[in-house]
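Take a look at the letters that make up each chain.
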Amino acid sequence: MTVSFFPRAAFAAFIVLVPASWASAATCGTGSFESWLDNFKREAAAEGISQQAISQGLNGITLDNTVLSRDRSQHVFRQSFEEFSGRMVAPRLAVGANKMKQFGSVLSRIEQRYGVPGSVLVAIWGLETDYGVNIGKFPTIRSVATLAYDCRRSEMFRAELKDALRIVDQGDLSPADMRGAWAGEIGQTQFMPSSYIKFAVDFDGNGRRDLLRSAPDVLASTANFLASHGWKRGQPWDPGSENFAVIQQWNKSEVYSKTIAYFASQLDRAP
């Protein structure tokens, strides 16, 4: 669900009433990062996030200038569908076909519950992180805090930072576990923290929603995202269909969405 190059599903936006002095003191880019962070901690506590999660997640973190540099140097995605799909699908098709077999029973149960075919989920899984091989190494909370302090998209990332702390609070992941892409995406299909909170599910039944290590949780959570955005059970997903519009809620880039649809169709035809 990559924010950096393929802007995706709308992030949760909400207004929280906090004391005016906190809100003004936590204004983006003003004062030191440390003073901004102290005010943010009070704001998070006022919204019911536990002191333990706040301390575990935020104590000692520093501004990451590498994240700021990457955020400010993004390039417009200019590859055609033919170029992008040609580069991305062929090297992943054989592994994807094997994943379809390896997780066949899990994918079948997921489709029964959410209505989303396994080929669509495996296509997303492969495109996002090479089936969990390349999930990213940036500390999630540090990245999101950096972008929340910066003024370019401060409100969005302040909300994401609170949701990252809620993931810790709910016991799904520890701050040390939370590593991913530079803009805060987590897990094998790259959920932003807000999407993690809304759509992650514990499909393997171990009591935690683990999108870093549990393939059943990863695949079911991805299906839950698509189902929650209106996926039509048993219907096609080719461009122009209702289900293709749902795929575009995953990633609003038409080239990326068409590649997901094409990859899924290729997986369905694979031996």
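Residues numbered from 1 in each chain as written. Predicted model: local features only at pLDDT ≥ 70, side-chain atom pairs only at ≥ 80, totals over all residues. Heavy atoms only, no water.

What follows is about the overall build of the protein. Scanning the protein from N- to C-terminus turns up 14 helices and 2 strands. Taking 271 residues into account, the globule formula puts the C-alpha radius of gyration at 18 Å, and the protein, at 19 Å, falls close to it. A principal-axis box enclosing the C-alpha atoms of the protein has dimensions of 60 × 40 × 30 Å. Among the 271 residues that make up the protein, the fraction classed as buried is 54%. When the accessible surface of the protein is totalled, it reaches about 11,700 Å², and 51% of it is carbon and sulfur. Looking at the protein, you have 29 positive and 27 negative side-chain charges, and the mean spots of the two groups are 2 Å apart. (Helix = DSSP H or I, 4+ residues; strand = E, 2+ residues; numbered from the N terminus. Rg over C-alpha atoms; globule rule 2.2 N^0.38 Å. Buried < 20%, exposed > 50% of the residue type's maximum accessible area, 1.4 Å probe, protein only. Areas by Shrake-Rupley, 256 points an atom, 1.4 Å probe, with all protein chains shown as cover. Lys, Arg positive; Asp, Glu negative; His and termini not counted. Charge placed at Lys NZ, Arg CZ, Asp CG, Glu CD.)

Helix packing for two helices is described by the angle between their axes and how far apart those axes are. Where helix 6 (residues 90–102) meets helix 8 (residues 118–129), the axes come as close as 10 Å, and the angle between the chain directions of the two elements is 135°. Our classification of the angle between helix 6 and helix 8 gives oblique. The handedness of the crossing between helix 6 and helix 8 comes out as right-handed. Here helix 6 contributes R92, G96, K99 and M100 to the contact with helix 8, which in turn contributes G118, S119, V122, W125, G126 and L127. (Axes fitted to C-alpha atoms, helices over the stretch in contact; angles between N-to-C directions. Parallel < 35°, antiparallel > 145°, perpendicular 65-115°, else oblique. Left-handed = near helix turned anticlockwise from the far one by under 90°. Contact = heavy atoms within 4.5 Å.)

It is worth spelling out the environment of G86 at this point. Note on placement: G86 falls in helix 5 (residues 81–88). Along the primary structure G86 and T259 are separated by 173 residues, whereas in three dimensions their C-alpha atoms are 9.0 Å apart. Every residue in contact with G86, bar those within four places of it in the chain, is listed here: F81 and P91.

Before going further, it helps to spend a moment on the nonpolar core. The biggest cluster of nonpolar side chains holds 76 residues, and the ones touching the most others in it are L58, I110, I141 and L226. Look past the residues within four positions of L226 in its chain and what remains in contact with it is V116, V120, L121, I124, W231, V246 and W250. (Core = buried A, V, L, I, M, F, W, Y, C linked by side-chain atoms within 4.5 Å.)

Another aspect to go through is helix 13 (residues 242–250). Turning to helix 13, its buried residues number three or more, namely N243, F244, V246, I247 and W250. On an axial view of helix 13, the arc spanned by its buried residues comes to 155°, and they lie on one face. Buried residues belonging to helix 13 abut helix 8, helix 12 (215–228) and helix 14 (254–269). (Arc of directions from axis to C-beta.)

Evaluation of the coordinates by the stated rule reveals 13 aromatic pairs. Aromatic pair W125 and Y131: ring centres 5.6 Å apart, planes at 85°, arrangement edge-to-face. An identical accessibility class is assigned to W125 and Y131; each is buried. Counting every residue linked through ring pairs, the aromatic cluster contains F33, W36, F40 and Y149. (Phe/Tyr/Trp six-rings, centres within 6.5 Å; stacked < 30°, edge-to-face > 60°.)

This paragraph deals with the state of the cysteines. Note: disulfide means a covalent bond formed between the sulfur atoms of two cysteine side chains. Enumeration according to the criterion identifies 1 disulfide in this entry. Two residues share a disulfide in this structure: C28 and C151, whose sulfurs sit 2.2 Å from each other. Here the disulfide of C28 and C151 is right-handed, its torsion about the S-S bond being about 105°. Separated by 123 residues along the polypeptide, C28 in the loop between helix 1 (20–25) and helix 2 (33–46) and C151 in the loop between helix 9 (140–149) and helix 10 (154–169) bring together distant segments of the chain. Judged by relative accessible area, C28 falls into the buried class, the value being 17%. C151 gets classed as partly exposed once you look at its relative accessible area, which sits at 44%. (Disulfide = S-S within 2.5 Å.)

Okay, the pattern of salt bridges next. The tally for this structure, following the rule as stated, stands at 15 salt bridges. Taking the shortest distance from any N to any O, the salt bridge between K162 and E43 comes out at 2.6 Å. Placement of K162 in helix 10 and of E43 in helix 2 is noted, with a sequence separation of 119 residues between them. Across the pair, E43 and K162 agree in class, each one buried. Measuring nitrogen to oxygen at the nearest pair gives 3.0 Å for the salt bridge that ties R209 to D172. With R209 in the loop between helix 11 (193–199) and helix 12 and D172 in the loop between helix 10 and strand 2 (179–180), the pair connects residues that are 37 residues apart, well separated along the chain. Grouping residues by exposure puts R209 and D172 together as buried. (Salt bridge = Lys/Arg side-chain N within 4 Å of Asp/Glu carboxyl O.)

Turning our eyes to something else, we now look at the environment of A200. By the secondary structure assignment, A200 is in the loop between helix 11 and helix 12. Residue classification places A200 among the buried positions, given a relative accessible area of 7%. Contacts of A200, omitting those with residues within four sequence positions, involve F191, S195, R209, L211 and S221.

Bringing the confidence of the model for the protein into the picture now. Parts of the prediction with low pLDDT should not have their coordinates interpreted in detail. Residues at a pLDDT of 70 or more form 90% of the protein, whose mean pLDDT is 90. A low-confidence stretch, residues 2–25 (pLDDT under 50), is modelled with 58 contacts involving residues beyond four sequence positions or located in other chains. (pLDDT = per-residue confidence, 0-100.)

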